[in-house]
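# Structure assessment
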Amino acid sequence: MGRNSQAAAVYAARKDVTLIANDLFINEQIRDKEVRVIGADGEQLGVMPLEQAMKLAEEADMDLANISPKANPPVCKIMDYGKYKFEQGKKLKEAKKHQKTVEIKEMRLSATIDTHDMEIKAKNVRKFLLAGDKVKVSIRFRGRQLAHTDKGRAVMTQFIEMLEDVGTVEKNAKMEGRSMFMVLTPKTEKK
């Protein structure tokens, strides 16, 4: 058994200590001699020895949580830690629910693309933009086409004009090696 797994086993064996990453230190986890205590309803109880603060929390049938460990003296609050964790989890879920992940789709064009082919690709990009996704449009120049990047830029400009009602250019067309890239984003409705 490795050293870290032994330490984890020791902590797991002690029921009174619950270590959770990126969390508050509570009850016996607090190692400071003196702490500033805030009551359950928010009133300042002052600076006192840790033992006295633990007694107050125990009498209130609550936990003592170190909410500001870097302060001098550290600030502890008497609270129902289980209820606090539950509410934090609820807030996190609610924030994730309202969050939209933006995907970046990619569409490849050619410097010598035909009008009908470009219309079909524009139709597909239109669907992506209406769904709220960003689209990276690229043109790869092969062989002698590299000498005529102006034709590729003209294709990009024509492509933008086909989609100007649903999308805007986030990054203008620029050359990187043998390819030209640009990024389109959905147009936001102004209220």
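A brief report on the enclosed structure follows. (Residues numbered from 1 in each chain as written. Predicted model: local features only at pLDDT ≥ 70, side-chain atom pairs only at ≥ 80, totals over all residues. Heavy atoms only, no water.)

## A word on helix 4 (residues 115–130)
Our working rule: Only DSSP runs of H or I reaching four residues or more are called helices, and only runs of E reaching two or more are called strands; each is numbered from the N terminus. Take the number of residues in a helix, subtract one, and multiply by 1.5 Å to get its expected span. Each residue is placed in one exposure class: buried if its accessible area under a 1.4 Å probe, protein chains only, is under 20% of its type's maximum, exposed if it is over 50%, and partly exposed if it falls in between. It is the directions from the helix axis to the C-beta atoms that the arc portrays. The contact criterion used is simple: two residues touch if any of their non-hydrogen atoms lie within 4.5 Å.
The end-to-end C-alpha distance of helix 4 is 22 Å, a good match for the 22 Å that 16 residues give at a rise of 1.5 Å each. Burial in helix 4 covers these residues: M118, A122, V125 and L129. Relative to the axis of helix 4, the buried residues are bounded by an arc of 65 degrees and lie together on one face. Away from the buried face of helix 4 by more than 90 degrees, exposed residues K123, K127 and L130 are located. Looking at the buried side of helix 4, the elements it contacts are strand 6 (104–109), strand 7 (134–140), helix 5 (149–163), strand 8 (167–176) and strand 9 (179–186).

## Quick notes on the packing of helix 4 against helix 5
Which entries qualify depends on this criterion: Here, axes are lines fitted to C-alpha atoms. For helices the fit covers the stretch in contact, and angles between N-to-C directions go from 0 to 180 degrees. For classification purposes, an angle smaller than 35 degrees is called roughly parallel, one larger than 145 roughly antiparallel, one from 65 to 115 roughly perpendicular, and anything else oblique. It is the rotation of the near helix from the far one that decides the hand of a crossing: anticlockwise by less than a right angle makes it left-handed, clockwise makes it right-handed. Polarity classes work like this: nonpolar for Ala, Val, Leu, Ile, Met, Phe, Trp, Tyr, Cys and Pro, charged for Asp, Glu, Lys and Arg, and polar for all others, with Gly in that last group.
In the contact formed by helix 4 and helix 5, the axes pass within 10 Å of each other and the chain directions differ by 50 degrees. The angle between helix 4 and helix 5 places the two elements in the oblique class. Helix 5 is crossed by helix 4, and the crossing has right-handed handedness. In this structure, helix 4 contributes M118, E119, K121, A122, V125 and R126 to the contact, and helix 5 contributes V155, Q158, F159, M162 and L163. Here the contact of helix 4 with helix 5 is composed, by residue class, of seven nonpolar, one polar and three charged.

By themselves, these observations are geometric and do not establish any function.
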